[in-house]
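# Overview (structure and organization)
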Amino acid sequence: MKERLKNIIKKMSYEKREVTLASGRKSSFYFDGKQTTLNGEGAYLTGKLMFDIIKNYPEIKAVGGPTIGADPIATSVAMVSFLEKNGINAFIVRKEPKGYGKKLWIEGNKNLVKGCSVAIVEDVITTGGSILKAIDIVENEGYKVALVVVLVDREEGGRENIEKAGYKLMSVFKKSDITQN
């Protein structure tokens, strides 16, 4: 299962080309995780492998993260958890609150109980900036972040930044797992 997901990531998400990352840094390669997590098989395998990590933390009642990278992951983890009779719900953290209606930061908040423990998920981590912002929003809304799980760790300081802030980070893959032949 993990080997199959790695092959999908290599084919669908890994590109060797010059890009500017969300952090503003330049890179000679790019992981477009959404190409994998929006693929039917890739979504299932991502959800299954991440749920296999998350279910070891029984206090976690929901999973979500920064839109848009976390959206398909949170949904696939929630679906896999339901199929495995261990249902956890999904939520989405907005980049900014809605400008109308209830002005929510978190979509799916009716699936959450104030004070519950959650896992933050993301497709790729570089420096961890967007994950840390999502953690701040989630905790300011009254939830406890128990774990961070990413599909690919680019191995560029994100793990260290998350752990320095006091959170546990687990990854399904590291950049070196994907780029090795």
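Only a predicted model underlies this, so the values are computations on that prediction, with no experimental measurement involved.

### Focus: the sheet that holds strand S7 (residues 106-107)
In space, the six strands of this open sheet follow the order S7-S6-S5-S8-S9-S10, with mixed pairing throughout. In this open sheet, the two strands that pair with only one neighbour each are S7 and strand S10 (169-174). Judged from the two bridges that link them, strand S6 (residues 89-93) and S7 form a sheet pairing that is antiparallel. Within S7, the position partnered with Ile92 by the bridge is Glu107. Lying on the sheet, helix H3 (residues 40-54) is in contact with strand S5 (60-66), strand S8 (117-125), strand S9 (144-153) and S10; it crosses S9 at an angle near 140°. Along the sheet, helix H4 (residues 71-83) makes contact with S5, S6 and S8, crossing S6 at roughly 170°.

### Examining the environment of Leu5
One can find Leu5 in helix H1 (residues 2-12). For Leu5, the contacting residues outside a window of four places in its chain are Thr36, Gly42, Leu45, Thr46, Leu49, Leu151, Val172 and Phe173.

### Focus on H3
Its 15 residues give H3 an end-to-end C-alpha distance of 21 Å, which sits within 8% of 21 Å, the value for a rise of 1.5 Å per residue. Of all 15 residues in H3, eleven are buried, a share of seventy percent or more. If you check which residues of H3 are buried, you get Gly42, Ala43, Leu45, Thr46, Gly47, Lys48, Leu49, Met50, Phe51, Ile53 and Ile54. Where H3 begins, one side-chain oxygen reaches toward the backbone nitrogen of Glu41, 3.1 Å away; that side chain belongs to Asn39.

### Section: the pattern of salt bridges
One pass over the structure, following the stated rule, counts 13 salt bridges. Put simply, Lys34 and Asp32 hold a salt bridge, and the shortest N to O gap is 3.8 Å. We classify Lys34 as partly exposed; its relative accessible area is 22%. Each of Lys48, Asp52, Lys55 and Glu84 takes part in salt bridges that share partners, so that together they form one network.

### As for helix H5 (residues 129-140)
In this model H5 runs 17 Å from its N-terminal to its C-terminal C-alpha over twelve residues, within 8% of the 16 Å that 1.5 Å per residue would give. All of the buried residues in H5 are Ile131, Ala134, Ile135, Ile137 and Val138. Projected down its long axis, H5 shows its buried positions confined to an angular sector of 165°, all on one face. Positioned one or two residues after H5, Gly142 has a phi angle of 105°, which is positive.

### So, the pairing of S5
The buried fraction of S5 is high, at six of seven residues. Bridge analysis of S5 against S6 gives five bridges, and the strand direction is parallel. Directly across from Gly64, in S6, lies its bridge partner Phe91. Running through H4, the crossover from S5 to the neighbouring parallel element S6 is right-handed.

### Some remarks on unusual backbone geometry
The residue after Thr67, namely Ile68, is reached through a cis peptide bond having omega 20°. Relative to the helices and strands, Ile68 is located in the loop between S5 and H4. One non-glycine residue with positive phi stands out, namely Lys85, at about 60°. A positive phi is found at Glu155, a non-glycine position, where the angle reads about 60°. Tracing the chain through its elements places Glu155 in the loop between S9 and helix H6 (158-164). With a relative accessible area of 39%, Glu155 lands in the partly exposed category.

Criteria and thresholds
- Residues numbered from 1 in each chain as written.
- Predicted model: local features only at pLDDT ≥ 70, side-chain atom pairs only at ≥ 80, totals over all residues.
- Heavy atoms only, no water.
- Pairing = 2+ DSSP bridges.
- Helix = DSSP H or I, 4+ residues; strand = E, 2+ residues; numbered from the N terminus.
- Contact = heavy atoms within 4.5 Å.
- Axes fitted to C-alpha atoms, helices over the stretch in contact; angles between N-to-C directions.
- Expected span 1.5 Å × (residues − 1).
- Buried < 20%, exposed > 50% of the residue type's maximum accessible area, 1.4 Å probe, protein only.
- Polar contact = N/O pair within 3.5 Å; in protein donor to acceptor, adjacent residues only side chain to side chain.
- Salt bridge = Lys/Arg side-chain N within 4 Å of Asp/Glu carboxyl O.
- Arc of directions from axis to C-beta.
- Right-handed = clockwise from strand over helix to strand, strands pointing away.

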